[in-house]
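Descriptive analysis of the structure
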Amino acid sequence: MRRRNERGEGNMSTIITLAVVIAAGYAAWNVAPVYMDHYSFTDKVNEICRTPRYRAPTDEKIMELLMKQVRERRIDTWIAPRNFKISTTDTNRRIILSYEREAQVLPGWKKVFKFDFQADQPLV
């Protein structure tokens with residue numbers, strides 16, 4: 001039984017909506033790794049920031065630990081030693097990280113993501 005107002009025609013808005021949903025999924029597929037890399041690395045920076053003095057007595061040793069993690073995570077294309085600022089006092093350590101990463105969101109559209117992070121942890 002067919003209703004009178006049903007004709008079996010496709011609706012153009014359905015096709016446009018489907019295209020938008022596919023484009024959003026593709027963009028999320030390309031952008032999600034950028035944010036996942038950043039947040040997992042900042043967790044590691046916090047952990048390194050808490051490293052006690054007997055394991056890393058100087059800021060240079062902290063920089064070595066940070067750069068080791070950068071290489072292991074294969075983000076050395078975007079993060080170099082110049083992106084870090086490390087300052088250690090008797091009671092705490094501060095690591096400031098600032099970098100940019102470019103990613104292709106959609107074909108023909110690249111976006112530069114700017115990340116700034118600051119870890120300030122007490123020394124144990």
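Residues numbered from 1 in each chain as written. Predicted model: local features only at pLDDT ≥ 70, side-chain atom pairs only at ≥ 80, totals over all residues. Heavy atoms only, no water.

It is worth spelling out the pairing of strand E1 (residues 84–88) at this point. Of the strand pairs in this sheet, E1 and strand E2 (residues 92–106) are connected by five bridges, and their pairing is antiparallel. Considered in E2, the bridge of Lys85 is made with Ile96. Hairpin connection from E1 to E2: three residues lie between these consecutive antiparallel strands. (Pairing = 2+ DSSP bridges. Helix = DSSP H or I, 4+ residues; strand = E, 2+ residues; numbered from the N terminus.)

Moving on to the packing of aromatic side chains. Under the counting rule described, the total for this entry stands at five aromatic pairs. Seen from their ring centres, Tyr35 and Phe113 are 5.6 Å apart, and the 80 degrees between their planes marks the pair as edge-to-face. One end of the pair, Tyr35, is in helix H1 (residues 12–49); the other, Phe113, is in strand E3 (residues 109–122), and 78 residues separate them in sequence. Judged by its relative accessible area of 34%, Tyr35 is partly exposed. (Phe/Tyr/Trp six-rings, centres within 6.5 Å; stacked < 30°, edge-to-face > 60°. Buried < 20%, exposed > 50% of the residue type's maximum accessible area, 1.4 Å probe, protein only.)

Below, the discussion takes up the pairing of E3. Summarising the sheet, E2 and E3 pair through 14 bridges and their orientation is antiparallel. Within the sheet, the bridge partner assigned to Arg93 lies in E3 and is Gln121. Between E2 and E3, which follow one another and run antiparallel, lie two residues, and Gly108 among them has a positive phi close to 90 degrees.

Turning our eyes to something else, we now look at the environment of Thr88. Mapped onto the elements of the fold, Thr88 is located in strand E1. Relative accessible area serves as the criterion here: at 24%, Thr88 is assigned to the partly exposed category. For the pair Thr88 and Phe41, spaced 47 residues apart in sequence, the C-alpha separation works out to 20 Å. Ignoring sequence-local partners within four residues, the contact set of Thr88 consists of Arg53, Asp59, Arg93 and Leu123. In terms of polar contacts, Thr88 uses its side chain to reach the side chain of Asp59, at 2.5 Å. Among the polar contacts made by the side chain of Thr88, one reaches the side chain of Arg93 at a distance of 3.2 Å. (Contact = heavy atoms within 4.5 Å. Polar contact = N/O pair within 3.5 Å; in protein donor to acceptor, adjacent residues only side chain to side chain.)

It is worth spelling out the side chain of Gln121 at this point. Tracing the backbone shows Gln121 in strand E3. Taking the relative accessible area as the measure of exposure, Gln121 reaches 18% and is therefore buried. Engagement of the side chain of Gln121 in a polar contact is seen with the side chain of Asn46, the distance being 3.2 Å.

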